[in-house]
Amino acid sequence: MNALWVIVSASFVLLLSVASIPLLNNNGNYFTYLLNWRSSSFLSEVADLLVTNGTIYTSDEALPFADSMAIRNGRILRVGNYSSIKELARTWTKELNLDGKIVVPGFIDSHLHFIPGGLEMARVELRGVNTKDLFVDKIRKAVANVKQGSWLLGGGWNNDIWGGDLPMASWIDSITPHNPVWLTRMDGHMGLANTVALTLAGISCNNENPNGGAIVRNNDGEPTGLLIDSAMKLVLSHIPEATVYERREALKRASNHALKRGVTTVVDFGRYFPGASPEHSWADFSDVYKWADLSGNMTTRVCLFFPMETWSRLVDLMSKSGRVLSQWIYLGGVKAFADGSVGSNSALFHEPYADDPNNNGLQVVDLDGLYNMTLSSDKFGLQVSIHAIGDRANDLILDMYASLPSEKQIRDRRYRIEHAQHLAPGTVARFGEQSVIASVQPDHLLDDADSATKKLGSERAERGSYLFKSLLTNNAQLAFGSDWPVADINPLKSIRTSMKRIPPHWEKAWIPSECLCLEDALKAYTISAAHACFLDKYVGSLSPGKYADFVVLSTNSWEDFATEVNADVEATYVGGSKVYSIKPEDKNE
C-alpha cells in the first residue's frame with residue numbers, strides 16, 4: 001500500500017512539473033507569480049492610515065456612526081469600530097487619534113462660482129457695508145491705489161442693510177473722475193457703474209432696455225448707474241478680461257478658502273450670469289482647470305456646469321473624454337436662467353412686488369428657446385440645471401421639465417432647480433413628484449428675511465419662502481450650497497442657519513416650521529449633494545471604496561453639536577491627506 005502511494009504521488013508531481021513548464025517559460029516563474037499574487041492580496045487589505053477614537057458621522061445609512069476607519073491610497077478601506085479596523089494596520093501604518101472629536105464627510109458646496117469668488121477676494125470688498133458713507137469711503141480708499149484710467153472693480157454690496165436706498169453713480173462720481181467703476185450687488189443680478197463707465201459703454205437716456213434686463217433711470221429718464229441682469233452686459237463688455245494668471249491665482253485662493261471651511265468638493269457654475277459671455281466658462285476650463293490638474297495645483301474636487309447655449313460643445317467633450325476627467329475634475333451638465341433675484345426686483349412672481357406694484361420681475365430667457373435647448377441637452381444625457389427664484393419662475397421650469405418627452409425606459413435625469421427660494425402653494429409637492437432636485441442656499445435667507453417681507457408682504461413671504469422642511473417632507477431632495485461669492489463659503493454656518501433660521505437682529509426664527517434637524521442638514525451638504533451632481537459613487541459619505549475626504553471638527557459632543565452647531569473646522573483631509581489645519585504647525589504634515 002505504501003509503495004502504491006509513493007508511485008501515485010511521484011506521478012502527480014511529475015505531471016504537475018510538466019504542466020508548469022509553459023508557465024515557467026512564459027514571462028517568469030510561476031512560483032514568483034504565486035508569491036506576488038499573495039502579496040498583492042495581502043497588501044490590498046493593509047491600511048496606510050487609521051483614523052481612530054472619534055465620533056465619525058458617515059452619511060451612510062448602512063452605518064451612520066463609527067469610531068474608526070481605515071484608509072489606503074486615498075480611499076476608504078473599512079469603517080467600523082476599532083477592533084475591526086486595527087487588524088488592517090502594519091508597522092508602517094500611520095494613526096490619527098481623534099481624541100473623541102467629531103468627523104464628518106468632506107462638505108460639498110452644491111452651487112458656487114469658484115473663480116469669480118477667488119477674483120473678488122482681490123477686489124474691493126463691499127460685503128457688510130451698512131451705510132452710504134462707509135460705501136463711499138471704501139471706494140475713495142480703493143481708487144487711491146488704482147492707476148488713472150484703470151477699472152476699479154468690486155462687489156458684495158447690499159442696500160437692504162443700510163436702509164434700502166439703491167446706490168447711484170452720483171455717490172462716487174466726484175471721487176472717481178478718472179477711473180471707470182463697476183460694483184456688483186451681492187446677488188450678482190445688479191451692478192453700479194459710475195458716469196465714466198456709463199460713458200465708455202455708451203449708456204444714456206436714449207438707450208432702450210435690452211431683453212431680460214433693465215437700465216434704472218431717475219425721474220428725468222437719465223440712467224442712475226444701476227444695471228439689472230442682461231443690461232449689465234452693456235458695461236461688462238468694456239471691462240478688460242481677467243488674465244490667465246489672475247484666474248489661476250483666483251483658483252488657488254478659492255481652493256484654500258474652501259478647504260479652510262471643510263469644503264472638499266464644489267459644483268462650479270462659473271463666470272456665467274445674465275449679461276456675461278458663455279465663453280468665460282470654457283476659457284476657465286481650458287486655461288485654469290486643465291492647467292491646474294496637469295500641474296498638480298488642484299486641491300479641491302470640482303464638478304463643472306457650462307452655459308446651456310453651449311450644450312453641443314459639452315456633448316462633444318464628453319464623447320471624447322467621458323464625464324470623469326480625473327479624480328479632481330468632473331463634467332456636470334448645463335445651466336440656464338429663468339429669472340433674476342428678489343433683491344434686484346427681478347425674480348419672477350405670479351403677483352407683483354408689494355413695493356413695486358407694476359413689476360412682477362423679469363423672465364430673462366425665451367421659454368421656447370429654453371425648451372429646445374433643454375430637450376437637446378437631455379437627449380444627449382446632459383444633466384440640466386436652471387436658476388429659478390420667484391414662484392412663477394419655479395412653476396414655469398417645473399412645467400417645462402414635466403412636458404419633456406419621456407422615454408420608454410426611465411432614465412436617471414436628476415433635473416435641478418437652482419435656488420427655489422419662493423414657491424407658490426402646491427409647488428412644493430411637485431419637486432418630489434417629478435424627482436427634481438432643489439439646490440438651495442440656506443444663508444440667503446439671512447439676507448432675504450427682511451427684504452422679502454418688504455418686497456412681497458409678510459403673509460406672502462412667510463407662506464412660500466425657503467421651504468426646506470416642506471420640500472423634504474414631500475420627498476424632494478435638497479442639495480445645500482453657498483452661491484459664493486454671493487454668500488460666503490461656510491457649511492457649518494449654513495447648517496446652523498437651516499436649523500435655526502434666525503436672521504440678524506431677529507430674536508425668533510423666520511418660519512420656524514421649516515427648521516431642519518442636524519442630520520437632514522448634514523445630508524444636504526454631503527450625500528444628497530453628491531447625488532445631486534452624480535458624484536455619489538465617489539464622495540458624499542464615508543463608505544468603503546469612496547475617496548477619504550473628511551473634516552475633523554473642534555467638538556467632541558454630538559449632543560451639543562446637534563443642538564447649537566457650535567463647532568469649527570479643525571482640519572480638512574482630501575484623499576486621506578491633510579490639506580488644512582487650524583494649527584499652523586500641522587499644515588504640512
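Preceding this paragraph is the structure being described.
This text gives an overview of the structure that appears in the document. All figures in this text were calculated on a predicted structure; none of them were measured in a lab.

What counts and how
- Residues numbered from 1 in each chain as written.
- Predicted model: local features only at pLDDT ≥ 70, side-chain atom pairs only at ≥ 80, totals over all residues.
- Heavy atoms only, no water.
- Pairing = 2+ DSSP bridges.
- Helix = DSSP H or I, 4+ residues; strand = E, 2+ residues; numbered from the N terminus.
- Axes fitted to C-alpha atoms, helices over the stretch in contact; angles between N-to-C directions.
- Buried < 20%, exposed > 50% of the residue type's maximum accessible area, 1.4 Å probe, protein only.
- Arc of directions from axis to C-beta.
- Contact = heavy atoms within 4.5 Å.
- Disulfide = S-S within 2.5 Å.
- Polar contact = N/O pair within 3.5 Å; in protein donor to acceptor, adjacent residues only side chain to side chain.

Here we take up the sheet that holds strand β4 (residues 68–72). The sheet built from four strands is open, its strands ordered β5-β4-β1-β6 with mixed pairing. Looking along the sheet, the strands with just one partner apiece sit at the ends: β5 (75–80) and β6 (94–97). Averaged over all neighbouring strand pairs, the angle between strand axes comes to 20°, with direction disregarded. As paired elements, β4 and β5 share five bridges and run antiparallel to each other. The residue of β5 that forms the bridge with M69 is V79.

As a further point, take helix α11 (residues 311–321). Within α11, burial applies to L314, V315, L317 and M318. Looking down the long axis of α11, one finds its buried residues gathered within 165° of arc, a one-sided arrangement. For α11, the exposed residues lying more than 90 degrees away from the buried face are S319 and K320. Buried residues along α11 sit in contact with α10 (279–295), β16 (301–307) and β17 (329–337). A positive backbone phi angle near 80° is found at G322, which sits one or two residues after α11.

A few words now on the environment of A393. Relative to the helices and strands, A393 resides in helix α13 (residues 391–403). Other than its neighbours up to four places away in sequence, A393 contacts A338, D339, L348 and A388.

Two cysteines joined by a covalent bond between their sulfur atoms form a disulfide. Summed over the entire model, instances satisfying the criterion amount to zero disulfides. No disulfide involves C303; its nearest neighbouring cysteine sulfur is the one of C533, lying 4.5 Å away. A relative accessible area of 0% places C303 in the buried class. C515 takes part in no disulfide bond, and the closest cysteine sulfur to it belongs to C517, at a distance of 11 Å.

In this section: the side chain of N194. Among the structural elements, N194 can be located in the loop between β12 (190–193) and α7 (195–201). In terms of polar contacts, N194 uses its side chain to reach the side chain of T176, at 2.9 Å. In this structure the side chain of N194 is engaged in a polar contact, spanning 2.8 Å, whose partner is the backbone oxygen of N179. Once you skip the residues sitting within four places of it in the chain, N194 turns out to touch A169, I172, D173, T176, N179, P180 and V181.

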